[in-house]
Protein chains: 4
Amino acid sequence: MQLGMVGLGRMGNYMVQRLMRGGHECVVYDTKPESVADLVEKGAAGSASLEEFVSKLSRPRAVWLMLPAAITDKVIAQLVPLLHDDDIIIDGGNSYYHDDIRRGAELITKGIHYVDVGTSGGVFGLERGYCLMIGGEKGIVQSLSPIFASLAPGAGSTPPSANRKPDPNSTAEQGYLHCGAHGAGHFVKMVHNGIEYGLMAAYAEGLNILKRANIGAAAHEADAETAPLSHPEHYRYDFNLQDVAEVWRRGSVITSWLLDLTSDALHADPALMKFAGRVSDSGEGRWTIMAAIDESVPTPVLSAALYGRFSSRDNDEFANKVLSAMRAGFGGHLEKPKT
Amino acid sequence: MQLGMVGLGRMGNYMVQRLMRGGHECVVYDTKPESVADLVEKGAAGSASLEEFVSKLSRPRAVWLMLPAAITDKVIAQLVPLLHDDDIIIDGGNSYYHDDIRRGAELITKGIHYVDVGTSGGVFGLERGYCLMIGGEKGIVQSLSPIFASLAPGAGSTPPSANRKPDPNSTAEQGYLHCGAHGAGHFVKMVHNGIEYGLMAAYAEGLNILKRANIGAAAHEADAETAPLSHPEHYRYDFNLQDVAEVWRRGSVITSWLLDLTSDALHADPALMKFAGRVSDSGEGRWTIMAAIDESVPTPVLSAALYGRFSSRDNDEFANKVLSAMRAGFGGHLEKPKT
Amino acid sequence: MQLGMVGLGRMGNYMVQRLMRGGHECVVYDTKPESVADLVEKGAAGSASLEEFVSKLSRPRAVWLMLPAAITDKVIAQLVPLLHDDDIIIDGGNSYYHDDIRRGAELITKGIHYVDVGTSGGVFGLERGYCLMIGGEKGIVQSLSPIFASLAPGAGSTPPSANRKPDPNSTAEQGYLHCGAHGAGHFVKMVHNGIEYGLMAAYAEGLNILKRANIGAAAHEADAETAPLSHPEHYRYDFNLQDVAEVWRRGSVITSWLLDLTSDALHADPALMKFAGRVSDSGEGRWTIMAAIDESVPTPVLSAALYGRFSSRDNDEFANKVLSAMRAGFGGHLEKPKT
Amino acid sequence: MQLGMVGLGRMGNYMVQRLMRGGHECVVYDTKPESVADLVEKGAAGSASLEEFVSKLSRPRAVWLMLPAAITDKVIAQLVPLLHDDDIIIDGGNSYYHDDIRRGAELITKGIHYVDVGTSGGVFGLERGYCLMIGGEKGIVQSLSPIFASLAPGAGSTPPSANRKPDPNSTAEQGYLHCGAHGAGHFVKMVHNGIEYGLMAAYAEGLNILKRANIGAAAHEADAETAPLSHPEHYRYDFNLQDVAEVWRRGSVITSWLLDLTSDALHADPALMKFAGRVSDSGEGRWTIMAAIDESVPTPVLSAALYGRFSSRDNDEFANKVLSAMRAGFGGHLEKPKT
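Model, not experiment: these values are computed from the prediction. (Residues numbered from 1 in each chain as written. Chains lettered and ligands numbered in written order. Predicted model: local features only at pLDDT ≥ 70, side-chain atom pairs only at ≥ 80, totals over all residues. Heavy atoms only, no water.)

Novice: Can you walk me through the interface of chain C and chain D in this structure?
Specialist: Accessible area lost during the coming together of the parts is what is often quoted as the interface size. Between chain C and chain D, the contact holds 91 residues from the first and 91 residues from the second. For the chain C and chain D pair, buried surface summed over both sides reaches about 7600 Å², with 65% attributable to carbon and sulfur atoms. When the buried area of chain C at its contact with chain D is split by residue, C:I209, C:R250 and C:V253 rank highest and sum to 10% of it. Across the salt bridge formed by D:D243 and C:R164, the nearest N and O atoms sit 3.0 Å from each other. At the boundary of chain C and chain D, one finds 50 residue pairs in polar contact (both at pLDDT 80 or more). Only α5 (97-108), β7 (131-135), β8 (176-180), α9 (184-211), α10 (241-248), α11 (257-268), α12 (284-294) and α13 (300-312) of chain C provide two or more residues apiece to the side of chain C that touches chain D. Examining the composition of the side of chain C that touches chain D, we find that 17 residues originate from one element, α9(C), more than from any other. Taken together, the residues of the side of chain C that touches chain D sort by class into 49 nonpolar, 28 polar and 14 charged. (Contact = heavy atoms within 4.5 Å. Buried area = accessible area lost by both parts, 1.4 Å probe. Salt bridge = Lys/Arg side-chain N within 4 Å of Asp/Glu carboxyl O. Polar contact = N/O pair within 3.5 Å; in protein donor to acceptor, adjacent residues only side chain to side chain. Helix = DSSP H or I, 4+ residues; strand = E, 2+ residues; numbered from the N terminus. Nonpolar A, V, L, I, M, F, W, Y, C, P; charged D, E, K, R; others polar.)

Put into structure tokens, the structure is as follows:
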């Protein structure tokens, strides 16, 4: 079928390519002409303005937005006057699900249908397929099935879970799922990303323990300010993290795609020198914690993962100064330099 | 080659089976005669005592122990008088790596070699192969290669990491790895399990958020003791966790073997009714935190995962009473019943 | 001066009493006639309706609300039509500061001034005085100084901080502070309560460690499911928690009012039998975390304190079942009963 | 009575001064002659060697060690040959309680008694008195009562807890307590310090939230890598932290000695410029967590406080690089510079 794509960054570009491979007709638009040109060369119908973009789509139109969350509302406001009854806006970016609920309710008063799609898979999605978590009206979501089916990995990619009743019509088995009403897709994607933060931090903390397992080899001087290492003989291992990651990928309980990526990175750059150790976060991790708090659900692991990123950007600096000030106050402690 | 196995529980039994499939000759012993009998029927040489067991092994003997960590030292003490120079004791259980360092040093004074093997893979190892993390003297570990190669998944199971220099001789690519000196195997396995705790908790917390995403549907009365839910309209989702787990298994960033197992379990029993919600821990998670603290490595995620298990067993009960007592003290608060 | 008080629960009642002791004239209202009657007996002017309440106040009126956060907006809506230009509404309850910002902006369009007051001190405030954190227009806040001065502990209660320039006009030294614009008072109070959660949890966790310091005296059986205690001889202390709390109150680094209250409670009931161990939370702890996340400030301690309360109410139950399900999946583990 | 003091750093020096004020006779020794000279000038009997030190003490001798934990065992080994039956060694430093248990057992075989004393109060102890937590044999501890009574704050310093049966003989009310057998004193002190870490972190995190409460005033650009601040209007407060700390010290629930010290520090240096934000830890915080884990007691707050210190010293750096490497792997994310 025909789909319009607005926002041709890494994600939007790859999704259009995958859709065209699946036989779909794509009309594309981006504020950067070179992004449009790249996909036109690959077979898409390009457009130089939102007006032209809309005019190339047959009604009822299906317009997929693949934009930074912060500008999605602005683009929707520009699109709405150009659309007609029964047209569909699909937000495949990382919107806050609160915004989906609001948008769904607003747009339907104008006859426009809204669908939120949480999209996982990153830059590997082009080949691996995207995991799609979808929210919106049931009939509207079903009408977009051909699109979702082409973007998703497909049923052959992974056998169904043990104990699952075989269901050839299950879209979950194909890699896309209508999760519920407006916002449901981004809610499930938000939690997916919250989990992702926790998984990533678990590997990172574990590898950090292995990395420092040779501290017993360094000499430590006795002083009253630093905790002495009672048993240096327990910390004299010099682990090859490349090989450890490689072996864990085979038969262990902690095999995962994230471990595969970690192993790839360690093989390219064992000390990860090219990374500064300042880790961004892009919204879903925060929203996951806020939702958990609203629900009174304890999420110590997911929060710790988020806070680790904040600390990596030194946002704990003033708090640490307060600690040092207290220590100076009650104990006259002067802090030691970094170790 | 020939291997002796002591301890024929689930793990020991399956490992013997896998070894015999690999063409190895296994001599087996367990204090439970029926455990011995089962493997004899499958082709192993059984024994009714440790003495008989040792007598059936050719020198230099290789004796693999697959025992609860708490009794391994006792069995080693019984074995040592029966062994000779150059015999090898392999501990494949979940020993604390401190014990490995001690045992390695003690046994070598008696001419006996010690190898510690962290073994991951659980009950699936029989078919999937075991991930083996190995510590000990290099030559001794190499002499056991045929055994390790049969237990491990093998190179065909998973392609090498991107950026890895192709190395047909790499044992990491086959699923087993000599990690370093005595204790190195169990150290890496300990951290593996620490990571495992974190990964498990990340999925569990995320699924719990999805599970309670419909709390907005319940009515809440206004009172001064309970935080009101400002926006109940944001929590009216009734997610199908089976389908969510199923779809996440395809193309998402959080695909993993643990997710596969979780999905299997949710399909068998969507509300997980048969579990009481009290979660054991078996040592490695604790030791991981202790090692991290010795190394001054922050592990908030792995610790939170461990503490969640302690709390699941109500070990926070007195602490919670202290909180209620303080609240009663300063605010005259009477706690509400569970919600 | 004259003040009207709406909401005569524990907090409102005591504040009116303290104000009358300070020579102020109080007009009071509550939906429960007996709450009004109690204060009329103590010298306040009672009222049977909001209309009567407002009619007894001289313009410009000062109306203090001491209500559950969930109904404050409803009462404001009832009050507004009865008030006139330059009247002042003061919210002394535990409102979310977002609501203060909204209300301040809305009310000023009607000529009504709004002041938010975070009030700490609990049931002890009657004698000890209340710590008041205030947000609103500067002139309006200053016009209420006589009220704040009477409610606060007063300068004599605590000497100024070391290094503080002596300032007899500092209201901070008297125990009340104009913190900033609308919402500033409740923001500072919110963070105060967030800190309170953390402090409380720190004591609770520490006392819990002391409480269980005799676990080495209990026998443990060796099995593969439970982590053995390596050194039971390290855990054979039977601490008298009453005496420990009492001694910590003298000269230690951790002296505090919360410790005093904890010690009081332990002396009344050493095992804290009358508490069930289910701990409520009333909003500020949650909002503190949400603000921290918006600000990218890591708050692992304050979050952990909040989550402990959620877990105390068993909101981690499904998450724990997921963990058990995974353990059953990969290891065939059957969980042990509670210990 | 007579007491010998070895180790005349800040703590040892002040304790000798306080003891002499209490009418006790002090013999002192330190490897630094100037430290000895200072106290000789104040009235102590000095000594130039351990031998001279011991020779000046009457039997049964009471020798108090106030040394860095890492060298206590060395000094004990030097002392033991110089001592006789019924002499007493008191360790007032920050020893690990495991060491106390070991030392108590070893020394008694030589007829020497061992007492462990956890000492809290820091540099303020000279005037405020020290909170003493004591472990050892009951009779021996009692024989040292005059010493403990002079070091402690005394009963007048703080009224007994509500609900406490008045007991003029209670040493807890005087500020010192025999907590139990060998190690009990340092165990209670260890937990005291664990709590201290948690309290400190709670204040530090809360103040950090106040510090950054004006981030809404800064402009943020929309991009896909950084979580946008949805409501900048909620974060436009410019709090005066000095005044906030000052007001909290009066009537609030979070009054404490640590808050007093924090306020002192903020008044001396509002931005805490002289502190680098790298916070040391000196053993007890770590041991507290290890004890909690041995006891299966969840301590998320105390652990988070400890880990915050590790992170302040950048020990999370490799872990953060692993996170960035994963993000680059699945999303092609390039991290943003610090914000």
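Novice: When you look at the environment of D:A69 in this model, what are you seeing that I'm missing?
Specialist: All names here are of chain D. Note on placement: A69 falls in helix α4 (residues 69-79). You can call A69 partly exposed: its relative accessible area is 27%. For the pair A69 and R249, spaced 180 residues apart in sequence, the C-alpha to C-alpha distance is 35 Å. Excluding anything up to four places from it in sequence, A69 contacts N94 and S95. (Buried < 20%, exposed > 50% of the residue type's maximum accessible area, 1.4 Å probe, protein only.)

Novice: Would you mind going over helix α1 (residues 10-21) of chain B with me for this structure?
Specialist: For an α-helix the count is 3.6 residues per turn, leaving residues at separations of three or four pointing the same way. All names here are of chain B. Under the 1.5 Å per step criterion, the end-to-end length of α1 is 17 Å for 12 residues, consistent within 8% with the ideal 16 Å. What α1 keeps buried is the set G12, N13, M15, V16, Q17, R18, L19 and M20. A positive backbone phi angle near 95° is found at G23, which sits one or two residues after α1. (Expected span 1.5 Å × (residues − 1).)

Novice: Would you mind going over the pattern of salt bridges with me for this structure?
Specialist: Oppositely charged side chains may form a pair once their charged atoms are brought near each other. Under the defined criterion, the tally for this structure stands at 76 salt bridges over all chains. A network of salt bridges, in which partner residues are shared, links A:D73, A:D91, A:D99, A:D100, A:R102, A:R103 and A:E106.

Novice: What should I look at first to understand unusual backbone geometry in this one?
Specialist: Most of the time, phi is negative for any residue but glycine, and the peptide bond is trans. Following B:R59, the chain continues into B:P60 via a peptide bond in cis, with omega recorded as -10°. Mapping B:P60 onto the fold places it in the loop between α3 (50-55) and β4 (62-65). Its identity is not glycine, yet D:D86 carries a phi of approximately 75°, on the positive side. Within the element layout of this structure, D:D86 appears in the loop between α4 and β5 (88-91). Overall, the relative accessible area of 45% leaves D:D86 in the partly exposed class.

Novice: Teacher, can you tell me more about the relation of the copies chain B and chain A here?
Specialist: Mapping between the two copies of the chain is achieved by a rotation about an axis and a shift along the axis. For the pair chain B and chain A, the best superposition has an RMSD of 0.0 Å and corresponds to a rotation of 180° with a translation of 0.0 Å parallel to the axis. Look at the turn and shift together and you get a two-fold axis relating the two. It is B:S256 whose C-alpha, among those of chain B, lies nearest the rotation axis, at 1.9 Å. A share of 100% of the interface residues of chain B reappears at the interface of chain A, consistent with the copies meeting face to face through the same patch. (Least-squares fit on C-alpha atoms with pLDDT ≥ 70 in both.)

Novice: Got a minute to help me understand the packing of α9(C) against helix α9 (residues 184-211) of chain D in this structure?
Specialist: The angle between the axes and the distance between the axes are what describe a pair of packed helices. Packing of α9(C) against α9(D) leaves a shortest axis separation of 9 Å and a crossing angle of 165°. Here α9(C) lies roughly antiparallel to α9(D), going by the angle between them. Viewed along their axes, α9(C) and α9(D) form a crossing whose handedness is right-handed. Listed contacts from α9(D) to C:F187, C:V188, C:V191, C:I195, C:G198, C:L199, C:A202, C:Y203, C:G206, C:I209 and C:L210 of α9(C) are D:F187, D:V188, D:V191, D:I195, D:G198, D:L199, D:A202, D:Y203, D:G206, D:I209 and D:L210. (Axes fitted to C-alpha atoms, helices over the stretch in contact; angles between N-to-C directions. Parallel < 35°, antiparallel > 145°, perpendicular 65-115°, else oblique. Left-handed = near helix turned anticlockwise from the far one by under 90°.)

Novice: Looking at this structure, how should I read helix α9 (residues 184-211) of chain A?
Specialist: The end-to-end C-alpha separation of α9(A) is 40 Å, in line with the 40 Å expected for 28 residues at 1.5 Å each. Among the 28 residues in α9(A), 27 count as buried, and that is most of the element.

Novice: For this particular structure, what's the right way to read the relation of the copies chain C and chain D?
Specialist: Take chain C, turn it by 180°, move it 0.0 Å along the axis, and it overlays chain D with an RMSD of 0.1 Å. Of the residues that chain C buries at the interface, 100% are likewise interface residues in chain D, meaning the two copies contact each other through the same surface.

Novice: What should I look at first to understand the interface of chain B and chain A in this one?
Specialist: The partner chain A presents 91 residues to the 91 residues of chain B that form the contact. For the pair chain B and chain A, the summed buried surface comes to about 7600 Å²; carbon and sulfur atoms form 65% of the total. Of all residues in chain B, B:I209, B:R250 and B:V253 give up the largest surface area on contact with chain A, accounting jointly for 10% of the area buried on that side. Inspection of the region where chain B meets chain A yields 4 salt bridges. At the surface where chain B touches chain A, the tally comes to 50 residue pairs in polar contact (both at pLDDT 80 or more). For the side of chain B that touches chain A, the element with the most residues is helix α9 (residues 184-211) of chain B, which contributes 17 residues. Its residues placed into classes, the side of chain B that touches chain A shows 49 nonpolar, 28 polar and 14 charged.

Novice: Sorry if this is basic, but what is going on with the environment of A:M133 here?
Specialist: Here A:M133 shows up in strand β7 (residues 131-135). Looking at A:M133, the relative accessible area reads 0%, which means it is buried. Beyond its immediate sequence surroundings of up to four residues, A:M133 is in contact with A:D116, A:V117, A:G118, A:S120, A:L177, A:C179, A:G185, A:V188, A:K189, A:H192 and B:W248.

Novice: Help me out: how do you make sense of the packing of aromatic side chains in this one?
Specialist: Two aromatic rings are characterised by how far apart their centres lie and by the angle between their planes. Overall, the coordinates contain 49 aromatic pairs over all chains when judged by the stated rule. On the basis of an interplanar angle of 70° and a centroid distance of 4.8 Å, the ring pair of D:Y97 and D:F187 is categorised as edge-to-face. Within this pair, whereas D:Y97 is found in helix α5 (residues 97-108), its partner D:F187 is found in helix α9, the two being separated by 90 residues in sequence. Summarising the burial analysis for this pair, D:Y97 and D:F187 share the class buried. Among the aromatic residues, ring-to-ring pairing joins A:Y96, A:Y97, A:F187, A:W287, B:Y235, B:Y237 and B:F239 into one connected group. Sitting over the ring of A:W257, A:R128 keeps its end group 3.7 Å from the ring centre. Of note, C:K211 hangs over the ring of B:F318, and the distance from its end group to the ring centre comes to 4.5 Å. (Phe/Tyr/Trp six-rings, centres within 6.5 Å; stacked < 30°, edge-to-face > 60°. Lys NZ or Arg CZ within 6 Å of the ring centre and 35° of its normal.)

Novice: Mind showing me how you'd approach the nonpolar core here?
Specialist: Soluble globular proteins: nonpolar side chains tend toward being buried together. Counting 264 residues, the largest nonpolar core has A:W248, B:W248, C:W248 and D:W248 as the members making the most contacts within it. If we ignore the near neighbours within four places in the chain, the residues touching A:W248 are A:L207, A:L210, A:I254, A:T255, A:L259, B:C131, B:M133, B:V188, B:V191, B:H192 and B:I195. (Core = buried A, V, L, I, M, F, W, Y, C linked by side-chain atoms within 4.5 Å.)

Novice: In this structure, what is going on with the side chain of A:D264? I would like to understand it.
Specialist: Positionally, A:D264 belongs in helix α11 (residues 257-268). As a buried residue without a salt bridge, A:D264 has its nearest oppositely charged side chain in A:R249, at a separation of 5.7 Å. When near neighbours in sequence (up to four residues on either side) are disregarded, A:D264 contacts B:S161, B:A162 and B:N163. (Lys, Arg positive; Asp, Glu negative; His and termini not counted.)

Novice: How should the pairing of strand β4 (residues 62-65) of chain C be read in this particular structure?
Specialist: Remark: a regular strand shows side chains that alternate across the two faces of the sheet. Residue and element names in this part refer to chain C. Judged by which residues are buried, β4 turns out to be covered on both faces: A62 and W64 on one side and V63 and L65 on the other are all buried. Examined bridge by bridge, strand β1 (residues 2-6) and β4 share 3 bridges and lie parallel to one another. Bridge pairing links V6 to L65 in β4. Pairing of β4 with strand β5 (residues 88-91) involves 4 bridges; the strand directions are parallel. Within β5, the residue paired with A62 across the bridge is I88. What joins β4 to β5 is helix α4 (residues 69-79), and the crossover it makes is right-handed. (Pairing = 2+ DSSP bridges. Right-handed = clockwise from strand over helix to strand, strands pointing away.)

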